Amino acid sequence: MIKHAEAMDFAQFHAAYDLLVEKARSNKLLPDDFAGGTITLTNPGTIGTVASVPRLMKGQGSIIATGAIRDIAGAKIMTITSTYDHRIIQGAESGMFLRKLDALLQGEDGFYQGVGSSQPSVVTAPPATTHPATDRESFRAPGTAAAAVAGSADDLTHVAAAMALVRAIRRLGHRAAHLDPLGSEPPGDPSLDPAPLGLTPEAMARIPTDVLRCYVPGATLAEALPHLTATYCGTIAYEVEHIASHEERVWLRRVIEAGEHRKPLSAADKRGLLSRLTLVDTLERFLQRAYLGQKRFSIEGVDVTVPMLDTTLELAAAFGARKVVMGMAHRGRLNVLAHVVSLPYEAILEEFEGGGAGSASDPEAVTGDVKYHLGAEGTYKTTKGQEVTVSLLSNPSHLEAVNPVVEGWTRADQTDRSGPEPKYDVSTVVPLLIHGDAAFAGQGVVAETFNLARLKGYTTGGTIHLITNNQIGFTTDPRDGRSTDYSSDLAKGFDVPIIHVNADDPEACIAAVRLAWMYREKFHGDVVIDVVGYRRWGHNEGDEPAYTQPLMYDIIKQTPPVREKYAAQLAVEGLVTAEAAKAEADAAYAKLTEVQQALKARRSRTSGEERRIVRAAVAEPETAVAADVLTRVNEALLAVPDGFTVHPKLKRQLERRRETITQGGPGGMEWAQAEALAFGSLLLEGSPIRLTGQDVERGTFSQRHLVLHDPTNDRRWAPIQHLPGARAPFELHNSPLSEAACLGFEYGYATAAHPALVLWEAQYGDFANGAEVIIDQFIVAGLAKWGDTSRLTLLLPHGYEGGGPEHSSARLERYLSLGAEGNIRVANCTTPAQYFHLLRRQARHEEIRPLIVMTPKGLLRLPAAASKLEDLTQGRFRAVLWDGERPQLDQVTRLVLCSGKVYYDLTAAPRRAATPHIAIGRVELLYPFPSEEIGQYRSRYPNLKEIFWVQEEPRNMGARKFVLPKLRDVVPAGVTIGDVSRPERSSPSEGYPAAHQAEQARIVAAALA
Ligand SMILES: Cc1ncc(C[n+]2csc(CCOP(=O)(O)OP(=O)(O)O)c2C)c(N)n1
Ligand SMILES: [Mg+2]
């Protein structure tokens, strides 16, 4: 036993080790030598064993066994195993231990330097000879040059220093890279300097690169160092060493150092690149002159974005993709639309000429959006003649909010939903996001979206991220905009490789895209390219940037456009003469002038065609389902495979679902059963469904249980995903703990996958305000701004049940205040059957609209709310439920209208029996408000004198403010309108249960008084 090994340096450990071996050999071990150990090291490799899995004896925590070192295809391979007691050591810890061991053996953390400096003489071989080459790369076996350094303490110290230097260059070389086109000096880092490490040119000339496992040319460090520096500290730089996966790290190092992505461009490619930069530059110059003073958020300063997108699309097509889904902000959008989405110049100039006007006063017209927010879809033709669809999604001004939408949209496009199993193919559609440097660092949705990238329910096989880094956000400098050096730093926490590149080196920018693509192809992960450029104008073209960044803008004024710089470079290389380059630019300008003139002539003759929101009245869909179908579905939802054990407590609960179907009781059908039957029946009819949200598989209130877990072995089984006869898939995923990105994702998914019923459930309804941007800017206004809609359904659990201010209200008032032009639906059901019909209606309605459902907590199991099978086999969703217990309509003088759970408080009140003159109606569909049905009071209740709106929410919340004016619109003469609610409050409910009870009782009493 070597005690306190953790406090020893290598020499001390080695000495203790020798002593122990000696004691064992000479039979001098004492009982104390065996006590107190935690980890046993065994070495069956010395007898030739390749790998062994030792058995733990009582009391042992872990045994690390090292196998024989084998020479395979020039690489040294050794298998190390860790056998551990699961009660003491977690699997992940054991894996981390092996990973650490591997990293140290590869020289990380200055391991060999530490070994060498502790007592070099104890090391009998140079580090590389003891390396286990467990990585997939085959590092070069040490040759004679390596052997030559053995034995010299100085040389070993130098080798350790050399490894530290290589490691520093890989980790921190970016700090010395020349990334800024405006010429600022990079900060550098002391660890990049060989001198303090004692690495003289002579010493470096004695260190073979073999032992350093570099992939740059050069036999010794002296020869390799300039290549390493050029690789890591040029106009392109890399951050990959933070990545946890060893395989990814080693692969990236190899590709980067071997320069696989930096293969020189052909002469034709270079000319092509200049032509593209010319088009980009010319469009901006033209717009600047032709429409002086109009905002366009020019691309100038990061012009290279367009050729980078060209390369992306070329590679996408080469790797078999048929579509790229893009999200971006305002900056550079017009240029991207023209040159990447292939929108004709006419369409862009038309916007500047005042196109789209005339919609403002037409209530049915799409009211539109500013030109730098509008989406478009086009076809990009690659140089090889392949076609790739490019979808640039519409986005609001809210920076980065479109990110999750792009991911969801892409995922929908990648998924084949034509059969009972969803089939994903991440190679067919590729997501691409363009970020601003300030927004990327500042907006939380960026992090939330990165967190989706590798989740089973959300992955899109790797997103290509470009940060168009103009080193400014509006008027804010980077030092005021983030706490870290790089805009991209957040991505490091998500194991994402980061490539920084100088925007004025277009060839390096192309190389960056190539590396990004190679990585996506191999590992299907996200990758970030930080394109460091500048902003030629102010935040927009009318802004004076010198008020706030005077020195920066002095430099920018003297910085020629990248087109000019690159044209000069190609002139020097003898590829394009200065005259030819100018002629090309002049021709591009002339073409734009021509388009503009033609457009002006045409616009005087024709008026633009307006898009309209189609509002034809459509028939209510059938939502009832035959009893035999529901019985079959119900049975199938209870079925598990042979040998699968259902948790005994849950089994009893689920079995009751059989009785509600066959015997109509006891207690009737609960919410979750009706929901499952709605889902199941829709799947049989061919409606694809996707349900996500926090803990949706089980349900926040332990009500849903769509996924069963075998308590004996943790096996998972979701009966609804194995429904016999299903014609469409059911995608079901617990979501990460995010609202903005998760709801944004579902919005994108639902909008792209129109026929599918996509549902997102909040853990509690009030948490949805964490996704307000998605609700206000996309779900609510998307139809009017962009013509986008979907069947996206929000399930928002809530209830005034004395649980305090949070979770009492799902903020119904917000949604009601946002309903207009029939943009959304807002419902609040009081029975499982109503919910069943509502879900089915939402999936089948010909008018596609998002739906917001206020879902209950206590009603999930309330016997009074339960439904019967026949409620599902007949009828349909009812916008208003009239009082079935007041058949004497002419006796009714007061109508109490309410919505949701308070109905049960009212009907359970003892006073109810004494009020035959009071009928209680439930408004189940609040928006669009069923004015017509409610308005027929006279024919329903001929002696009506008053109508009360009753709600649990404070006066300033709930449906009151929305409903009262609607009632006034339809109220018959002589009928008064009153209302009952909590008093005006800033917080939705009382924090004390007793105060809640008192308020609840008061509301009921006032309604029935
Ligand atoms: C969520 C949000 N907050 C604030 C703004 C206002 N705004 C518009 S552009 C901008 C600066 C963006 O800087 P950056 O992300 O670097 O992009 P750039 O304009 O420099 O291309 C700001 C703050 C916004 N559009 N969205
Ligand atoms: Mg910026």
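For clarity, every value in this text was computed on a predicted model and none was experimentally measured.

So, how was this worked out
- Residues numbered from 1 in each chain as written.
- Chains lettered and ligands numbered in written order.
- Predicted model: local features only at pLDDT ≥ 70, side-chain atom pairs only at ≥ 80, totals over all residues.
- Heavy atoms only, no water.
- Helix = DSSP H or I, 4+ residues; strand = E, 2+ residues; numbered from the N terminus.
- Buried < 20%, exposed > 50% of the residue type's maximum accessible area, 1.4 Å probe, protein only.
- Contact = heavy atoms within 4.5 Å.
- Donors = N, O, S within 2.8 Å, 3.2 Å for Na, K, Ca; no water.
- Arc of directions from axis to C-beta.
- Pairing = 2+ DSSP bridges.
- Axes fitted to C-alpha atoms, helices over the stretch in contact; angles between N-to-C directions.
- Near = heavy atom within 4 Å.
- Polar contact = N/O pair within 3.5 Å; in protein donor to acceptor, adjacent residues only side chain to side chain.
- Areas by Shrake-Rupley, 256 points an atom, 1.4 Å probe, with all protein chains shown as cover.
- Core = buried A, V, L, I, M, F, W, Y, C linked by side-chain atoms within 4.5 Å.
- Salt bridge = Lys/Arg side-chain N within 4 Å of Asp/Glu carboxyl O.

S.K.: Explanation requested: the overall build of the chain in the structure shown.
M.R.: For the chain, the count of helices and strands is 37 helices and 29 strands. Overall, the C-alpha framework of the chain stretches about 110 × 90 × 50 Å when taken along its three principal axes. Each of the 1009 residues in the chain was classed as buried or not, and the buried ones make up 55%. Excluding contacts between residues fewer than 6 apart, the proportion of contacts in the chain whose partners are at least 24 apart in sequence is 77%.

S.K.: Which parts of the structure should I look at to understand the coordination of the magnesium ion (ligand 2)?
M.R.: Angles between donor atoms at a metal ideally measure 109.5 degrees for a four-coordinate tetrahedral arrangement and either 90 or 180 degrees for a six-coordinate octahedral one. At the metal site, the magnesium ion (ligand 2) is ligated by Asp437 (OD), Asn470 (OD1) and Ile472 (O), and these contacts range over 2.0 Å. On the primary sequence, the residues serving as donors to the magnesium ion (ligand 2) are separated as D-x32-N-x1-I. Placement of the pair is Asp437 in helix H17 (residues 437-442) and Ile472 in the loop between strand S13 (464-469) and helix H19 (478-481), with a sequence separation of 35 residues. A single burial state applies to Asp437 and to Ile472, both of which are buried.

S.K.: Mind showing me how you'd approach unusual backbone geometry here?
M.R.: Leaving glycine out, the prevailing phi sign among residues is negative, and the prevailing peptide bond configuration is trans. The residue after Tyr927, namely Pro928, is reached through a cis peptide bond having omega -10°. The residue Pro928 is located in the loop between strand S27 (925-927) and helix H34 (931-935) in this model. Of note, the phi angle at Asn27 is positive, near 60°, even though the residue is not glycine. Its location among the elements puts Asn27 in the loop between helix H1 (10-25) and helix H2 (31-34).

S.K.: Would you mind going over the environment of Ile848 with me for this structure?
M.R.: Along the chain, Ile848 turns up in the loop between helix H31 (832-844) and strand S23 (851-855). Sequence separation of Ile848 and Asp788 is 60 residues, and the distance between their C-alpha atoms is 10.0 Å. Residues contacting Ile848, with those up to four places away along its chain left out, are His754, Thr789, Ser790 and Arg791.

S.K.: It is not clear to me how helix H15 (residues 345-352) should be interpreted in this structure. Could you clarify?
M.R.: Every α-helix carries 3.6 residues per turn, so stepping three or four residues along brings you back to the same face. Where H15 is concerned, the buried positions are Tyr345, Ile348, Leu349 and Phe352. Mapping the buried residues of H15 onto a view down its axis gives an arc of 95°, with all of them on the same face. One or two steps after H15, the chain reaches Gly354, where phi turns positive at roughly 100°.

S.K.: Sorry, what's going on with the sheet that holds strand S21 (residues 793-797) here?
M.R.: Hydrogen bonds along the backbone pair up the strands of a sheet, which may run parallel or antiparallel. Read from one edge of the open sheet, 7 strands run S19-S16-S20-S21-S23-S22-S27, paired in mixed fashion. Every other strand in the sheet has two partners, leaving strand S19 (730-734) and S27 as the edge strands with one partner each. Sheet twist, expressed as the average angle between the axes of neighbouring strands with direction ignored, equals 20°. Alignment of strand S22 (residues 825-827) against S27, held across 2 bridges, turns out to be antiparallel.

S.K.: Would you mind going over the site of ligand 1 with me for this structure?
M.R.: If you check the shell around ligand 1, you find 15 residues, and the closest are Arg331, Ser397, Asp437, Ala439 and Asn470. Taking Asp437, its side chain carries an N or O atom lying 2.6 Å from an oxygen atom of ligand 1. Within the backbone of Ala438, a nitrogen or oxygen atom sits 2.9 Å from an oxygen atom of ligand 1. Protein burial of ligand 1: of its 580 Å² of free accessible surface, 75% is covered by the chains.

S.K.: I'm lost on the sheet that holds S13 in this one. Help?
M.R.: Spatially, S6-S14-S15-S13-S12-S7-S9-S8 is the arrangement adopted by the 8 strands of the open sheet, whose pairing is mixed. Unpaired on one side and paired on the other, strand S6 (236-239) and strand S8 (376-381) mark the two borders of the sheet. Direction aside, the axes of adjacent strands within the sheet are offset by 20° on average. Bridge count for strand S12 (residues 429-436) against S13 is 5 bridges, and the pairing is parallel. Along S13, the bridge assignment pairs Gly436 with Thr468.

S.K.: For this particular structure, what's the right way to read the nonpolar core?
M.R.: Most often, soluble globular proteins keep nonpolar side chains buried together rather than apart. Counting 136 residues, the largest nonpolar core has Leu796 and Leu906 as the members making the most contacts within it. At 9 residues, the largest contribution of residues to this core is made by helix H26 (residues 671-685). Excluding residues within four positions of it along the chain, Leu796 makes contact with Trp760, Ala762, Gly765, Ala768, Ala810, Tyr815, Ile852, Val853, Met854 and Thr855. Formed by 96 residues, the second largest nonpolar core is a distinct cluster that contains Leu287, Val390, Val501 and Leu515.

S.K.: Explanation requested: the pattern of salt bridges in the structure shown.
M.R.: Side chains carrying opposite charge are able to pair once their charged atoms draw close together. Taken as a whole and judged by the stated rule, the model has 47 salt bridges. Between Arg276 and Asp310 there is a salt bridge, and its shortest N-O distance comes to 2.7 Å. One end of the pair, Arg276, is in helix H12 (residues 267-290); the other, Asp310, is in helix H13 (residues 305-318), and 34 residues separate them in sequence. We classify Asp310 as buried; its relative accessible area is 9%.

S.K.: For this particular structure, what's the right way to read the pairing of strand S20 (residues 757-761)?
M.R.: Look at any regular strand and the pattern is simple: side chains alternate between the two faces of the sheet. In terms of burial, S20 is largely enclosed, as 5 of its 5 residues are buried. Burial along S20 is two-sided: the residues Leu757, Leu759 and Glu761 and Val758 and Trp760 are all buried. Note that strand S16 (residues 689-693) and S20 share 5 bridges and pair parallel. Across the sheet, the residue bridging to Arg690 is Val758, located in S20. Bridge analysis of S20 against S21 gives 3 bridges, and the strand direction is parallel. Bridge pairing in S21 links Leu759 to Thr793.

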